[in-house]
Amino acid sequence: MIILDKVSKIYPHSTHPVQALKDISLTIKAGSFTLLMGPSGCGKSTLLNLLGGLDMPSSGEILFDEKSTKYFNDRDWTALRRSEIGMIFQFFNLLPMLTAQENVALPLLLRGDPADQIQKKAVAVLEMVGLGHRLDHLPGALSGGEMQRVAIARADAISPKLLLADEPTGNLDSKTGQDILGLLASRTKASGLTLLMATHSQQAIEHADQVITMKDSEIEEIQEIS
Amino acid sequence: MRQFILLKFISLRHLVREKRTWLTLIGVALGISVFVSIRIANQSVLNAYHQSVDAFTGKSTVEIVGRSGALDENILKTLRNEAAITTIAPIVQTVLPMSTPTTSQGEMLLFMGVDLFQERDFRNFNVVGEDDKPLDMSGAFEVLLNPDSALLTEQFASRYGLKVGDNFSVRMEGKPLEFKVAALLTGDIAQTRDGNIAIIDIASAQWRFQKLGQLDRIDLITDEEISVESIISRIEKSLGGDVLVRRPQQRNRQIEKMLFAFQMNLTALSAISLFVGLFLIYNTLLVSVAHRRKEIGLLRALGVDRAQIFGLFTIEGMVIGTVGGFFGVVIGSVLARWVVQVLSKTVTSLYVAIPPTPFSLPLSLFMEGLAIGVLVSTFSSLYPAWQAAQLRPREALEGIFGSEVSRINHQKLLCLSLGSGLLSFIFSQMPMAWGFSWNGYVASGLLLMAFSLIVPTTILLFSKAVRLLSSQSSPSWRLAQGHLEQAIRRNGPTISAFMGALAMMISVVIMIESFRTTVVLWIDQTIQSDILGFPASYMVSDSDETLPRDMLDQIEKMDEVKAVDGYRSRMILFRDESVELVGRDLAIHAEHSKYLFRTGKSVEVIHKAIAQREVLISEVLANRFQIKEGDTVQVPTPQGNVPFEIGGVFYDYGTEGGKLVIDRAQLIQYWDDSHIDVIAIYLGENEDPTSVRSKLLVKWGSSSGLAFTTQGPFKDEIMAIFDQTFLITYALEWIAIVVALLGIANTLFVSILERKREIGILRSIGGSQAQVVRVILVEAFYMGVIGNIIGLICAFFLSLLLIYVINKASFGWTLQFHFPPMIILHSFLLAIGTALLAGYLPARKAAQTDLKEAIAYE
Ligand SMILES: Nc1ncnc2c1ncn2[C@@H]1O[C@H](COP(=O)(O)OP(=O)(O)OP(=O)(O)O)[C@@H](O)[C@H]1O
Ligand SMILES: [Mg+2]
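Residues numbered from 1 in each chain as written. Chains lettered and ligands numbered in written order. Predicted model: local features only at pLDDT ≥ 70, side-chain atom pairs only at ≥ 80, totals over all residues. Heavy atoms only, no water.

Visitor: Tell me about the overall build of chain A, and name the residues and values.
Guide: Looking only at helices and strands, chain A has six helices and ten strands in total. The C-alpha atoms of chain A give a radius of gyration of 17 Å, which matches the 17 Å a tight globule of 226 residues would have. Seen along its three principal axes, the alpha-carbon backbone of chain A occupies a region of about 50 × 40 × 40 Å. Here chain A, with 226 residues, has 54% of them falling under the buried criterion. Across chain A, the fraction of contacts at a sequence separation of at least 24, relative to all contacts at a separation of at least 6, is 71%. Total accessible area computed for chain A in this model is approximately 9600 Å², and 51% of it derives from carbon and sulfur atoms. (Helix = DSSP H or I, 4+ residues; strand = E, 2+ residues; numbered from the N terminus. Rg over C-alpha atoms; globule rule 2.2 N^0.38 Å. Buried < 20%, exposed > 50% of the residue type's maximum accessible area, 1.4 Å probe, protein only. Contact = heavy atoms within 4.5 Å. Areas by Shrake-Rupley, 256 points an atom, 1.4 Å probe, with all protein chains shown as cover.)

See below:
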């Protein structure tokens, strides 16, 4: 369970500081699929970045399973990203000089898993996203949809509790986007992880349990879908 | 105008904002500073040298010197009958050490014995008597008539606290020789040799320096109406072949030639840093082009044309070059102060006495430094600018992420490398010209080029090998390797520059080590005497002080002594060039010591030389005059030319221009010269050199200015001089390494800018700061290893060029190639240490990358 308590984010600027988030309080249930929607610039990415520890809130508090992250340092966040938080981005963010399998194996290598398990795991996860036949391909040789699948496999490899996805379909055509959405939804159901996804896509709503709509740095509406 | 707007809005902001611009600037400034400082130092030394020469030469148009050494004063009579000669100024000169204060090694004082009445036509000086009253010539003449009287320069006198009427003494043959300060000298001549000049009457000089009836030189002023050449040939005809008649300028030509070669070598060495600096600008701009591809695409899309893009980058390069050049000149002039000191010391000990050189920075050199900066930077920015201009707007806008990999044509590079290597070999086989091994340097440049060209391919192979070898469990190694391979285009020039600097450094070390090993070997084999005795001033290059003549007999009579060898060296004109002639007791040398002959056993060759009255020559001399064993050469003696057969050619690393060696008996027979410069003392079995040395010291006393050293310290002394000679070389090399280090740091910094995103990704999937640091450091490590592997191989060939082509041509010495195995370890430590050092700051910066920004945008 993730709780945000009056979280604000202000980007400092000498003359025009930007308030990207304003007193955001919300709860995300474990195992749920939550959508983050709203017009461009409303603060979705900012929120996801705070949850991934890529940026720090200006005030307020974020709790993971009742654990406060208020006094987390860089090392604590790193530990969290190694075992509990996976991230997916609009621009896939694969490392171009690593093969698909290596990209997926990388987070496991970084956290120092036993060597013999890593490759097995990487292959298994890639097969699960339907890329068993593209193991040795470099990202440059993959299509956008395939790259996003590799990115999902990479996030999935560490068996995270929380998956943060920032417009994962934003750079794909709608057909491929549908496929990716389906894949994400089925992964969520299958492994019981919590998925928080920022998107402009209306198609995503059918897969979601909860839709949070933001406007001007604030939450406008929280909509439960049964 | 539009170009100006581009510059103002784009270039200036990039240049000022980006930290690596500063790194590049420092590198370029350092590179130029080295070059400039050597130029300044060379120039200052040359100026000092010319100044002293000019003041000496004065207004004379022709000079006469004896081929065998001294001149017979009787030829003055013949000269007086020559109508075309307006004035004749005979000169007797000698250099002796001051003996006050007695304890320390006194300064060297040049005595010029002159005919004062003739002198005023030649040299510019004034004489000041007591109470600072100027004396006219006859007044000066009066005061000099006394054989004890000498004129000292004001500077020198005040340095020693001497006033008119005071006495001072110099040392000759172990005894003080006293003079009285008759008056003081001012004017041009007083500036030469830093004022260490004394003028005395020529007759007193002949008498007091035991040169009765002899002259060292005759200066002439000739009739302006008649051509100097025809007068020279007339005088030559009337005086016969024993004298050399020449223009005074010719006297210094030989020294100038050697100085020129020496300075060219230094300049070439200093050009290394310049070369590395050039690489640095090239690299910076190339990276800048890659980094700003999008911006270029955008500008093109907005209507900026190719030529403007080209101009943009060229001008950016020029700005770096100009600013770098400016600081280079400033740093260079600071550096030069030190270089001038070391250089004038080295030149004094190797070639010719020059006064402690005042440092000056003429405007021309300042401008030259700037010009070099601009030229170098323009030149090195041409290719990157061209590349930028070639970018198509659409391609450029698509960005570079991951698209750099495949476009290197390895086959073409390897062919070019091979061609360059081949050319290098061809050049190495060509003859040198202008007294300097131009072909050796061209060959070295080509060799470096050949090895630079294989760098990209090596990176690829290395990267493939690492990929196979590195276990799957180590992400840093794999990531660093992946990046290394991906960015070959950027890493290539950096590694090349680093490799080049290392190769030059290592090859020079190999050369010096070979040189050193050869010299040590030579000393060990040829310096066998237990004790050496010589005037303390002997170690100063131009002293004429000799040992007391009775010393040889007295030492020989000592119980502990088995044998003594009296060694005398003097200058003669061999084939119109000044060379060293040595007379020594060859029989004793054969029995107790040896020469390292090119062919034949030392004992046999020397004994044959004694029996058949042959001459032995050093290798340098043989190379210089293209003569060899068995040839007969004419050696000028006071009794005319005497034919000598060359009995052997021996290796010798002690004299710059080479030497001729004959038996002492012949030196006495032909030259009537029984002086001794050095005495080599061989002790009986079981004698202790140290106690015998103490005994000798007691016997002759410290006031005699004599030095006795045992074998060990003497060898050390020689090696100390040797090391001093290479001091600048080492310093230059280190600076080149520093410049290369900046290059690596620069590349890594850029690498981080470009990899912000990658680092962000790494961090977002659980990479820690330490892991990011490690990836960057591993990449730096790879760069160091690759640079060093190629650098070592390149250095091996480069050192062959240095030893067998450049050194051989410049100095005529054959060195034994000696590859110190430890250098492999040392160079690896150096290369990797350097690379890691250069990588550390960028790595730290990388770890602190702003994550959200890094992954946010394409
Ligand atoms: N580094 C930054 N410095 C200053 N302001 C920023 C920064 N990053 C984002 N902002 C501002 O914060 C606000 C929220 O940005 P954010 O990226 O979270 O929006 P978003 O909802 O993700 O938009 P989009 O749908 O376009 O991705 C915007 O007004 C943006 O301009
Ligand atoms: Mg966003």
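Visitor: Please set out the site of ligand 1 residue by residue, giving values where relevant.
Guide: Near ligand 1 you find 13 residues, and of these S40, G41, K44, S45 and T46 of chain A are the closest. At the site occupied by ligand 1, nearby residues are drawn from chains A and B. Contacts to ligand 1 include E167 of chain A, whose side-chain N or O atom sits 3.2 Å from an oxygen atom. Contact with the protein chains hides 66% of the accessible area of ligand 1, taken as 630 Å² for the molecule alone. It is helix α1 (residues 44-52) of chain A that provides the largest number of residues to the shell around ligand 1, a total of three residues. Of the residues belonging to the shell around ligand 1, the class tally is four nonpolar, six polar and three charged. (Near = heavy atom within 4 Å. Polar contact = N/O pair within 3.5 Å; in protein donor to acceptor, adjacent residues only side chain to side chain. Nonpolar A, V, L, I, M, F, W, Y, C, P; charged D, E, K, R; others polar.)

Visitor: Which residues make up the interface of chain B and chain A, and what values do they have?
Guide: A common measure of how large an interface is: the accessible area buried when the components associate. Each partner contributes to the interface: chain B provides 29 residues, whereas chain A provides 26 residues. Carbon and sulfur atoms make up 63% of the surface buried where chain B meets chain A, a total of about 2500 Å² over both sides. Taken together, the links from chain B to chain A amount to three salt bridges. If you look at where chain B meets chain A, you find eight residue pairs in polar contact (both at pLDDT 80 or more). The residue makeup of the side of chain B that touches chain A, split by class, is nine nonpolar, 13 polar and seven charged. (Buried area = accessible area lost by both parts, 1.4 Å probe. Salt bridge = Lys/Arg side-chain N within 4 Å of Asp/Glu carboxyl O.)

Visitor: Residue-level account of the domain arrangement of chain B, with values.
Guide: Residue and element names in this part refer to chain B. Split by domain assignment, chain B resolves into domain 1 (1-58 + 257-400), domain 2 (62-246), domain 3 (455-527 + 717-858) and domain 4 (531-686). Its C-alpha centre places domain 3 at a distance of 48 Å from the equivalent point of domain 4. Between domain 3 and domain 4, the contact holds 15 residues from the first and 16 residues from the second. Across the domain 3 to domain 4 interface the summed buried area is about 1300 Å²; carbon plus sulfur atoms make up 60%. The three residues of domain 3 that bury the most area against domain 4 are W522, Q525 and W813, which together make up 44% of that side's buried surface. At the surface where domain 3 touches domain 4, the tally comes to one salt bridge. (Domains from an automatic or database assignment.)

Visitor: Summarise the packing of aromatic side chains; cite the residues concerned and give the values.
Guide: All names here are of chain B. The tally for this structure, following the rule as stated, stands at 29 aromatic pairs over all chains. Centre to centre, the rings of F427 and W438 are 5.9 Å apart; their planes meet at 85°, and the pair counts as edge-to-face. One end of the pair, F427, is in helix α15 (residues 410-428); the other, W438, is in helix α16 (residues 438-453), with eleven residues separating them in the sequence. According to the relative accessible area criterion, W438 is partly exposed, its value standing at 21%. Between the aromatic rings of W477 and F781, the centroid separation amounts to 5.9 Å while the plane-to-plane angle is 85°, which identifies the pairing as edge-to-face. With W477 in helix α18 (residues 475-486) and F781 in helix α28 (residues 769-811), the pair connects residues that are 304 residues apart, well separated along the chain. With relative accessibility at 26%, the residue F781 sits in the partly exposed group. (Phe/Tyr/Trp six-rings, centres within 6.5 Å; stacked < 30°, edge-to-face > 60°.)

Visitor: Give a detailed account of the pattern of salt bridges, specifying residues and quantitative values.
Guide: Residue and element names in this part refer to chain B. Going through the model one piece at a time under the given rule, you end up with 35 salt bridges over all chains. With a closest N to O distance of 3.2 Å, K464 and E485 form a salt bridge. Taken together, the residues K464 in helix α17 (residues 455-469) and E485 in helix α18 connect sequence positions 21 residues apart. Taking relative accessible area as the criterion, E485 reaches 16% and is therefore assigned buried. Taken together, the shared-partner salt bridges in this structure form one network comprising E63, R217, D219 and R246.

Visitor: Any chance you could break down the sheet that holds strand β10 (residues 218-224) of chain A for me, citing the residues and the numbers?
Guide: Sheet strands pair by backbone hydrogen bonding; their relative direction is either parallel or antiparallel. Residue and element names in this part refer to chain A. Read across the open sheet, the six strands follow the order β6-β7-β8-β3-β9-β10; overall the sheet is mixed. Bordering the open sheet on either side are β6 (85-88) and β10, each of which pairs with just one other strand. Direction aside, the axes of adjacent strands within the sheet are offset by 15° on average. Across four bridges, the pairing between β6 and strand β7 (residues 162-166) is parallel. Its bridge partner lying in β7, I85 is registered against L162. Against the sheet, helix α5 (residues 144-157) engages β6 and β7, with an angle of about 170° to β6. (Pairing = 2+ DSSP bridges. Axes fitted to C-alpha atoms, helices over the stretch in contact; angles between N-to-C directions.)

Visitor: Quick one: what's the story with helix α6 (residues 174-191) of chain A, residue by residue and with numbers?
Guide: Residues and elements named next belong to chain A. With 18 residues, α6 ought to run about 26 Å at 1.5 Å a step, and its terminal C-alpha atoms sit 26 Å apart, in line with that. Burial in α6 covers these residues: T176, G177, I180, L181, L183, L184, A185, R187 and T188. Against β3 (33-37), β6, α4 (115-128), α5, β7 and β8 (194-198) lie the buried residues of α6. Capping the start of α6 is the job of one residue whose side-chain oxygen sits 3.1 Å from the backbone nitrogen of K175: D173. (Expected span 1.5 Å × (residues − 1).)

Visitor: Got a sec to walk through the confidence of the model for chain B? Specific residues and values, please.
Guide: All names here are of chain B. Here chain B shows a mean pLDDT of 82. Residues at 70 or above account for 90%. In this model residues 399-406 is a low-confidence stretch, pLDDT under 50, and it forms 14 contacts with partners more than four residues away in sequence or in other chains. Interface confidence in the predicted complex, given as ipTM, is 0.85; pTM for the same model is 0.75. (pLDDT = per-residue confidence, 0-100.)

Visitor: Residue-level account of the nonpolar core, with values.
Guide: Within the largest apolar cluster, 159 residues are counted, with the highest numbers of intra-cluster contacts made by L4 and F64 of chain A together with F515 and L616 of chain B. The element best represented in this core is α28 of chain B, accounting for 20 residues. Setting aside residues no more than four positions away along its own chain, F515 of chain B makes contact with Y653, F722, F726, N807, W813 and L815 of chain B. (Core = buried A, V, L, I, M, F, W, Y, C linked by side-chain atoms within 4.5 Å.)

Visitor: Quick rundown of the environment of D5 of chain A? Include the residues and the values.
Guide: Residue and element names in this part refer to chain A. As for its placement among the helices and strands, D5 is situated in strand β1 (residues 2-11). Among the residues examined, D5 registers a relative accessible area of 38% and is labelled partly exposed. Considered as a pair, D5 and G144 are 139 residues apart in the sequence and their alpha carbons are 37 Å apart. Look past the residues within four positions of D5 in its chain and what remains in contact with it is I24, S25, G60 and E61.

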